[in-house]
Amino acid sequence: MNATHDTAAPRDITWNEAFCSEGANCFRFGLDGTGRAYIGSTLTPDAYVTDSVEALRALISAVKAGAADHLL
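Residues numbered from 1 in each chain as written. Predicted model: local features only at pLDDT ≥ 70, side-chain atom pairs only at ≥ 80, totals over all residues. Heavy atoms only, no water.

S.K.: Give a detailed account of the state of the cysteines, specifying residues and quantitative values.
M.R.: A disulfide bridge is the covalent bond that connects two cysteines by way of their sulfur atoms. What the rule picks out here adds up to 1 disulfide. Covalent S-S linkage joins Cys20 and Cys26, the inter-sulfur distance amounting to 2.1 Å. For the disulfide bridge between Cys20 and Cys26, the dihedral angle about the S-S bond is near 110°, and by the sign convention the bridge is right-handed. The class of Cys20 is exposed, set by a relative accessible area of 53%. Of the residues examined, Cys26 reaches a relative accessible area of 9% and is grouped as buried. (Disulfide = S-S within 2.5 Å. Buried < 20%, exposed > 50% of the residue type's maximum accessible area, 1.4 Å probe, protein only.)

This is the structure:
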């Protein structure tokens, strides 16, 4: 995935409702008009990671399978 802090013209990203945990730590997923996928935080709305939808699907599948359990 590509980490981005967008200082250029804003992208046309359609964000889903944010997923929030305790303390208002909120993450959101989005798509742009070209089909790129985005993951961002509501704390820093102009910072996000972006990659293909296929890469996002692979990431979500890996997390669901336990690849990030050590972070919990």
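S.K.: So, the pairing of strand β5 (residues 36-41): which residues are in play, and what are the values?
M.R.: Summarising burial for β5: 5 of the 6 residues are buried, a large majority. Note: strand β4 (residues 26-32) against β5, 5 bridges, orientation antiparallel. Across the sheet, Leu31 pairs through a bridge with Ala37, a residue of β5. Counting the residues that bridge the hairpin from β4 to β5 gives 3 residues, and of these Gly35 lies at a positive phi of roughly 90°. Looking at chain direction, β5 and strand β6 (residues 47-52) are connected through 5 bridges and run antiparallel. (Helix = DSSP H or I, 4+ residues; strand = E, 2+ residues; numbered from the N terminus. Pairing = 2+ DSSP bridges.)

S.K.: Report on the packing of aromatic side chains, specifying residues and quantitative values.
M.R.: The tally for this structure, following the rule as stated, stands at 4 aromatic pairs. Between Phe19 and Phe29, the ring centres sit 5.8 Å apart and the planes meet at 75°, which makes this aromatic pair edge-to-face. Of this pair, Phe19 sits in strand β3 (residues 19-20) while Phe29 is found in strand β4, placing the two residues 10 residues apart along the sequence. Assessed through its relative accessible area of 53%, Phe19 is described here as exposed. An aromatic cluster is built from Trp15, Tyr38 and Tyr48, whose rings are joined through pairwise contacts. (Phe/Tyr/Trp six-rings, centres within 6.5 Å; stacked < 30°, edge-to-face > 60°.)

S.K.: Break down helix α1 (residues 53-64) for me, citing the residues and quoting the values.
M.R.: The first and last C-alpha atoms of α1 sit 16 Å apart over 12 residues, in line with the 16 Å expected at 1.5 Å per residue. Two residues or fewer after α1 comes Gly66, characterised by a positive phi angle close to 105°. (Expected span 1.5 Å × (residues − 1).)

S.K.: Hey, could you go over the side chain of Thr50 for me, with residue numbers and the actual values?
M.R.: Examined against the element boundaries, Thr50 turns out to sit in strand β6. Since its relative accessible area comes to 8%, Thr50 is described here as buried. At a separation of 3.0 Å, a polar atom in the side chain of Thr50 contacts the main-chain carbonyl oxygen of Ala37. (Polar contact = N/O pair within 3.5 Å; in protein donor to acceptor, adjacent residues only side chain to side chain.)

Geometry only, nothing functional implied.
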